[in-house]
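Structure assessment
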Amino acid sequence: MFEIKHKDNLGRTGVLKTKNGIVKTPALMPVIHPRKQIIDSKELGADIVITNAYIIYKNEELQEKALREGLHKLINFDGPIMTDSGSFQLSEYGDIDMENKEIIEFQELIGSDIGTSLDIPTPPYVTRSQAEEELKLTIKRAKESVKYRKEILLNSVVQGSTFNDLRSYCASELAKLDVELHPIGAVVPLMENYQYKDLVDVVMSSISELPDSRPRHLMGAGHPMIFALAVAMGCDLFDSAAYILYAEDDRFLTAHGTYKLDNLYEMPCSCEICSKYSVEELKKMEREERKKLIAKHNLMVSFAEIRIIKQAIAEGNLMELVEQRCRSHPRLLEAYRHLANYMEIMERYDPLYKKSAFFYTGPESLKRVEVYRYWQKMNEIYPKKRLLLLNSSKKPYSSYLPKKVGKLYHIGSSSSSNTDDLQIMFVDIPFGLIPLELDEVYPLAQNESPDIIDESAREYIQEIIELTAEEYEEVFIEASLAEKFDLGLYREYDGSQDLEIKLNEKKKIICVADYQFGVGAGQALFEGNVEIVKSKKTGKIRHIYYGENLIATMRASDGFFVLSKEGAKRLHSRMEYPQNRVMVNKESEPFAQEGKSIFNKFVIDCDRNIRANDEVLIVNENDELLAFGKSLLNSAEIMDFKVGQAIKTRKGGI
Ligand code: GUN
Ligand code: ZN
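What counts and what doesn't
Residues numbered from 1 in each chain as written. Chains lettered and ligands numbered in written order. Predicted model: local features only at pLDDT ≥ 70, side-chain atom pairs only at ≥ 80, totals over all residues. Heavy atoms only, no water. Donors = N, O, S within 2.8 Å, 3.2 Å for Na, K, Ca; no water. Buried < 20%, exposed > 50% of the residue type's maximum accessible area, 1.4 Å probe, protein only. Helix = DSSP H or I, 4+ residues; strand = E, 2+ residues; numbered from the N terminus. Pairing = 2+ DSSP bridges. 1 Å grid on protein atoms, 1.4 Å probe; cavity = no way out; pocket = protein on both sides within 12 Å on 5 of 7 lines; lining within 4 Å. Points joined across faces, edges and corners; volume = space filled by probe spheres on them. Nonpolar A, V, L, I, M, F, W, Y, C, P; charged D, E, K, R; others polar. Axes fitted to C-alpha atoms, helices over the stretch in contact; angles between N-to-C directions. Parallel < 35°, antiparallel > 145°, perpendicular 65-115°, else oblique. Contact = heavy atoms within 4.5 Å. Near = heavy atom within 4 Å. Polar contact = N/O pair within 3.5 Å; in protein donor to acceptor, adjacent residues only side chain to side chain. Areas by Shrake-Rupley, 256 points an atom, 1.4 Å probe, with all protein chains shown as cover.

1. As for the coordination of the zinc ion (ligand 2)
Put simply, a metal with four donors set out as a tetrahedron has ideal angles of 109.5 degrees, and one with six donors set out as an octahedron has ideal angles of 90 or 180 degrees. Protein coordination at the zinc ion (ligand 2): the donors are Cys269 (SG), Cys271 (SG), Cys274 (SG) and His297 (ND1), at 2.1 to 2.3 Å from the metal. Taken in sequence order, the residues that donate to the zinc ion (ligand 2) follow the motif C-x1-C-x2-C-x22-H. Summarising the burial analysis for this pair, Cys271 and Cys274 share the class buried.

2. Here's the deal with the pairing of strand S5 (residues 49-52)
Side chains Val49 and Thr51 project from S5 onto one buried face, and the interleaved Ile50 and Asn52 project onto a second face that is buried too. One ladder, built from four bridges, connects S5 with strand S6 (residues 81-84); its direction is parallel. Counted as the bridge partner of Asn52 is Asp84 from S6.

3. Let's talk about empty space enclosed by the protein
Applying the stated criterion across every chain, the model contains one cavity of 30 Å³ or more. One number sums up the size of the largest cavity: a volume of about 70 Å³. Considering each element in turn, the lining of the largest cavity owes the most residues, four residues, to helix H18 (residues 369-381). Looking at the lining of the largest cavity, its residues break down into six nonpolar, no polar and three charged.

4. Some remarks on the packing of helix H14 (residues 287-315) against helix H15 (residues 318-325)
Viewed as axis vectors pointing N to C, H14 and H15 meet at an angle of 140°, and their least axial separation amounts to 8 Å. Looking at the two axes, H14 sits oblique to H15. Where H14 abuts H15, its residues Glu305, Ile308, Ile309, Ala312 and Ile313 lie against Leu318, Leu321 and Arg325. A class-by-class count of the residues in the contact of H14 with H15 yields six nonpolar, no polar and two charged.

5. Some details on the site of ligand 1
Taken together, Asp84, Ser85, Ser87, Asp119, Pro121, Gln159, Gly185, Ala186 and Met219 are the residues near ligand 1. Between ligand 1 and the protein, one listed contact pairs a nitrogen atom with a side-chain N or O atom of Asp84 at 2.6 Å. The separation between a nitrogen atom of ligand 1 and a polar side-chain atom of Ser87 is 3.5 Å. In the complex, 93% of the free accessible area of ligand 1, which totals 280 Å², lies under the protein chains. Residue composition of the shell around ligand 1, by class: three nonpolar, four polar and two charged.

Quick look at the structure:
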């Protein structure tokens, strides 16, 4: 029903199948008013629309027409239609005269594609007892709706007001139900009041418990300014009544904020409307006509923003887009900063490598998943003895090694002069310390930051060096670094001529393998007398052989290893289950052996540390190696999805 195509952070592009067509997500559903629609549904340029079943039910004429001719005829739209129940009316007017059963059955009868049960939209900041009471009813009705429905796909709305634990509880209860989509409800007041930080908590505590295989809909979010952040938190669907509501007030939506016609000197974008009309022409126009034109502009910029987001996910620079968008409003920037508190979950979902380089756009970039993940992994693989910190050069740093070290400062006590235990690291923004051996691994070489260093970045480096100096027995620091980051050092070291700056290639391949597959993988893969073959053109490591047998290839674009048959066997025999494994059932075994891709539904277990784009081993129920390949999803997604590909197999028949 729903499949993921591309991933970036918690964001995903996907395809949702309905009986009236497919929807590419993230998607924006314009709200169609069954009575007051001023732009014809077919002219909206939407793949899917949303309308309100309660309004249709309440109006005799509409109800009759919907029952007779169907919803699609009624609103003149052939594609997928989502219907909302009367919940919004319930929250606005306090009471509605309709039962949950009736509204579900009505949505079914008129041929809605996706229907909604009668949830209670509990507003933010109510008392806990109110939130709890209303939540009980929301969950009860969601459970009932599964019994009443026949053909429609079902929305089960997450409520729980601004209580994070109630949101999580609700999401985990709804996750158990046989429903297809999950709106996150009652967030309109948060957005109207710019309480985006609280919105982050509401969305994140819901999403953390929702099944990955079901699309999430941020209900009532129609301002394009919020789309990128919401998608980065895992939202897939939006609905916009905003396009028309804002137009009624002569307001123009943009991805950066809102313009009022009265304040406009120039038209705000390059859409059809803004290119054709001037501000003066619009102002002179009759109100209804103007409203229609502004509504069209509002829709066009909203759809354009969705396309920009999809492109960013496919390219792997969604967070750069989020960082741009969140600079449009201080409350959004605050929300983005707050999102860093959800690092662990974001790390689990973010792909290991992306097509795009990491761009430092400001101090917030220091708190991005890539930086966090890098420190988690890097810290595991290096013993902490003697450390030489060098100023960063061009990337990859190992290609621009200085011949000799110049003036050095010294922290700790000299205990050894053995060059073998001297670890060289480069100091740079945003990753802090980068070991010589890992400098080609994504995104340590694939990142850009300004040469003019901001105060936060300087403090960040100072702190890292301080903490690192405590952990190592001895640290040597290049003098130019001490100046650049204002390290306030004074103990000069006069034995710099003894410190050798040289890359040990065997150590490099072991470190990269440990970093990629877990500690011990380097020994497992490259034990014995292996041969390192370098590219004649670039001089970079390309292949590692054992005799005639290729073990692995180091990919030039991101510095990670791609295994070959020998490598997969070595890794499998030395790394214990479930490390790096995806286990498939009997049915799938012959397909895996033939090198066919692995579908999610055949996977019965996997290493819970698998991230999207990881190189993985494919094994049978007895942990016998069948094949190896690249994971398209993370472990949680592989286990949750029942459709779609899990692993792109590189080679079978092992
Ligand atoms: N539209 C905006 N918010 C909500 C909500 O919480 N529930 C429903 N059903 N519709 C909404
Ligand atoms: Zn425009």
